[in-house]
Amino acid sequence: PYYRRRGEPPTTYSTTTRTYFLRRVVTHLRNAGESGDPALFIPLATGLLVAFDDDLDEPAKTSTVSYEYDWETRRTTIVTRWYPRYSHCLGFLWLLRGAGDALELNRLKTGWRFLAGRDGEQTGREEPYVDLWDQAPDAVMHLLRHARSMEVQQFALRVWQANPGFLDEADCAFISDLLTSWFPGTVALGLELARAKWDPAAPDLKLLLAMLDSALDEARGQGSEWLAEVLPTLAVDGDFLAAVAFLKHEDARAAVREALRSSPLSKELRAEVVARVISGLLSLDDEATAGAATDWLEFIGPDELTALPDAHLVSLSAHV
């Protein structure tokens, strides 16, 4: 508080102290950035950015309306002032937009607001120490994988797109994570990277599975087109065929079924796939996925399914 009653002991954690610590975050980040050493700045900045979660924090863009008297025109005007999401998080927004010209601190320097007459969405790179981020593909990849804030996902996408050399760091596991991201722009980047990395002469079936499992219709459509290019490879791969049973989308499973109609599977492979799928089913709790996987079993190995021991069939039927 700004005051206390007579005789009341001083407050240890006052508003002044709280404001100091809020500003101290920015000071600490700035000192790390001014060092010019990515090893000092990037881990600190990345840790702070990934700590914010839109679902938990429920940030909202807000505004205030005030009345200002213009002595020249002798008129009172209505002034609307906009505040960005996470306006009270000084260090967070400073990392994302501290080098731009859209935001300023409020009068008490306890939060951010847009400059008068602006409510601007960010379009370009406004972060401090651009050169340090351009040296940190691993950190940007970490943000794309794990950030739960829209602002951070957008920031990481801008940095990635500004650095074509980052493509060399993208492996199948990273692209697969992007294809299952919660943020649409990041899923679209995953599709872009998958197309850049795909080689039908040396197909990565894990990447193909990630495409078929994506929530993005365009990604699943592209994956379905790739099936025909690599049919001889996938038709002898038990890992791939077993994993298809647990894909989340029926159109993806249907595309694989259609591709396999012209390539009969060996008896040994059918038995292997059935065994793998049953093993997965018995440890599965999702009823909808279990039903789809059972349908896949009936397509892949109906004879092998019928020949299963009674104990396996009882366990399977009880589970499903």
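Here, the structure is the one placed above.
Residues numbered from 1 in each chain as written. Predicted model: local features only at pLDDT ≥ 70, side-chain atom pairs only at ≥ 80, totals over all residues. Heavy atoms only, no water.

**Side note on the side chain of S214**
Next, step 1: Relative to the helices and strands, S214 resides in the loop between α10 (205-212) and α11 (217-229).
Next, step 2: Excluding its chain neighbours within four sequence positions, the residues that come into contact with S214 are L179, V187, A219, R220 and H249. (Helix = DSSP H or I, 4+ residues; strand = E, 2+ residues; numbered from the N terminus. Contact = heavy atoms within 4.5 Å.)

**Details of the pairing of strand β1 (residues 62-70)**
Next, step 1: Inspection of the sheet shows β1 paired to strand β2 (residues 75-83) by 9 bridges, in the antiparallel sense. Bridge pairing links D70 to R75 in β2.
Next, step 2: Between β1 and β2, which pair antiparallel in sequence order, lie 4 residues; one of them, R74, sits at a positive phi of approximately 55 degrees. (Pairing = 2+ DSSP bridges.)

**Overview of the pattern of salt bridges**
Next, step 1: On inspection of all chains with the given rule, the structure shows 19 salt bridges.
Next, step 2: A salt bridge links R253 to E250; its shortest N-O distance comes to 2.9 Å. A residue pair is termed a helical-turn pair when its members lie 3 or 4 positions apart in one helix, as R253 and E250 do in helix α14 (residues 250-260) at 3 residues.
Next, step 3: A relative accessible area of 39% means that E250 is categorised as partly exposed.
Next, step 4: Of the charged contacts, one joins R261 and E258 as a salt bridge, the two residues approaching to 3.3 Å between their closest N and O atoms. Across the pair, E258 and R261 agree in class, each one exposed.
Next, step 5: Residues joined by salt bridges that share partners form a network here, namely D54, R85 and E151. (Salt bridge = Lys/Arg side-chain N within 4 Å of Asp/Glu carboxyl O. Buried < 20%, exposed > 50% of the residue type's maximum accessible area, 1.4 Å probe, protein only.)

**A closer look at unusual backbone geometry**
Next, step 1: Of note, the phi angle at E58 is positive, near 50 degrees, even though the residue is not glycine.
Next, step 2: With relative accessibility at 62%, the residue E58 sits in the exposed group.
Next, step 3: Phi is positive for R74, close to 55 degrees, though the residue is something other than glycine.
Next, step 4: Along the chain, the position of R74 falls in the loop between β1 and β2.

**Re helix α15 (residues 267-281)**
Next, step 1: Over its 15 residues, α15 runs 21 Å from end to end, which matches the ideal 21 Å to within 8%, given 1.5 Å per residue.
Next, step 2: L269, V273, V274, V277, I278, G280 and L281 are the residues of α15 that are buried. Buried residues along α15 cover an arc of 165 degrees about the axis, so they all sit on one side. Away from the buried face of α15 by more than 90 degrees, exposed residues E268 and S279 are located. (Expected span 1.5 Å × (residues − 1). Arc of directions from axis to C-beta.)

**Points about the nonpolar core**
Next, step 1: Within the largest apolar cluster, 88 residues are counted, with the highest numbers of intra-cluster contacts made by W133, W160, L208, L234, F240 and L260.
Next, step 2: Residue contacts for L234: discarding those within four places in its chain leaves L205, L208, L227, F240, L241 and L260. (Core = buried A, V, L, I, M, F, W, Y, C linked by side-chain atoms within 4.5 Å.)

**A word on the packing of α15 against helix α16 (residues 287-300)**
Next, step 1: Orientation of α15 relative to α16, taken along the N-to-C sense of each, is 165 degrees, at an axis distance of 10 Å. What the angle tells us is that α15 and α16 run roughly antiparallel. Our pair here, α15 against α16, has a crossing hand that is left-handed. Residues R270, V273, V274, V277, I278 and L281 of α15 lie in contact with α16, whose contacting residues are A290, A293, T294, W296, L297 and I300.
Next, step 2: Taken together, the residues of the contact of α15 with α16 sort by class into 10 nonpolar, 1 polar and 1 charged. (Axes fitted to C-alpha atoms, helices over the stretch in contact; angles between N-to-C directions. Parallel < 35°, antiparallel > 145°, perpendicular 65-115°, else oblique. Left-handed = near helix turned anticlockwise from the far one by under 90°. Nonpolar A, V, L, I, M, F, W, Y, C, P; charged D, E, K, R; others polar.)

**Structural notes on the environment of L167**
Next, step 1: Relative to the helices and strands, L167 resides in the loop between α7 (150-161) and α8 (172-179).
Next, step 2: Under the relative-accessibility criterion, L167 is labelled partly exposed at 30%.
Next, step 3: Between the C-alpha atoms of L167 and P137, which are 30 residues apart in sequence, the distance is 9.2 Å.
Next, step 4: If near-sequence neighbours (up to four positions away) are discounted, L167 is found in contact with W160, L193, A196 and K197.

**Details of a nonpolar patch on the surface**
Next, step 1: A cluster of nonpolar side chains, namely V65, Y67 and I78, defines an oily patch on the protein surface of about 360 Å² accessible area.
Next, step 2: Locating I78 in the fold gives a position in strand β2. (Patch = residues over 30% accessible without salt bridge, like charges linked within 9 Å, V, L, I, M, F, W, Y side chains within 5 Å. Areas by Shrake-Rupley, 256 points an atom, 1.4 Å probe, with all protein chains shown as cover.)

**So, the packing of helix α2 (residues 38-49) against helix α4 (residues 90-97)**
When two helices pack together, their arrangement is given by the angle between the helix axes and by the axis-to-axis distance.
Next, step 1: It is the contact of α2 with α4, at a shortest axis distance of 10 Å, that shows an interaxial angle of 120 degrees. In terms of axis orientation, α2 runs oblique to α4. The handedness of the crossing between α2 and α4 is left-handed. In contact with F41, A45, L48 and L49 of α2, α4 contributes G91, F92, L95 and L96.
Next, step 2: Of the residues that constitute the contact of α2 with α4, the class distribution is 7 nonpolar, 1 polar and no charged.

Honestly, it's all geometry; don't read function into it.
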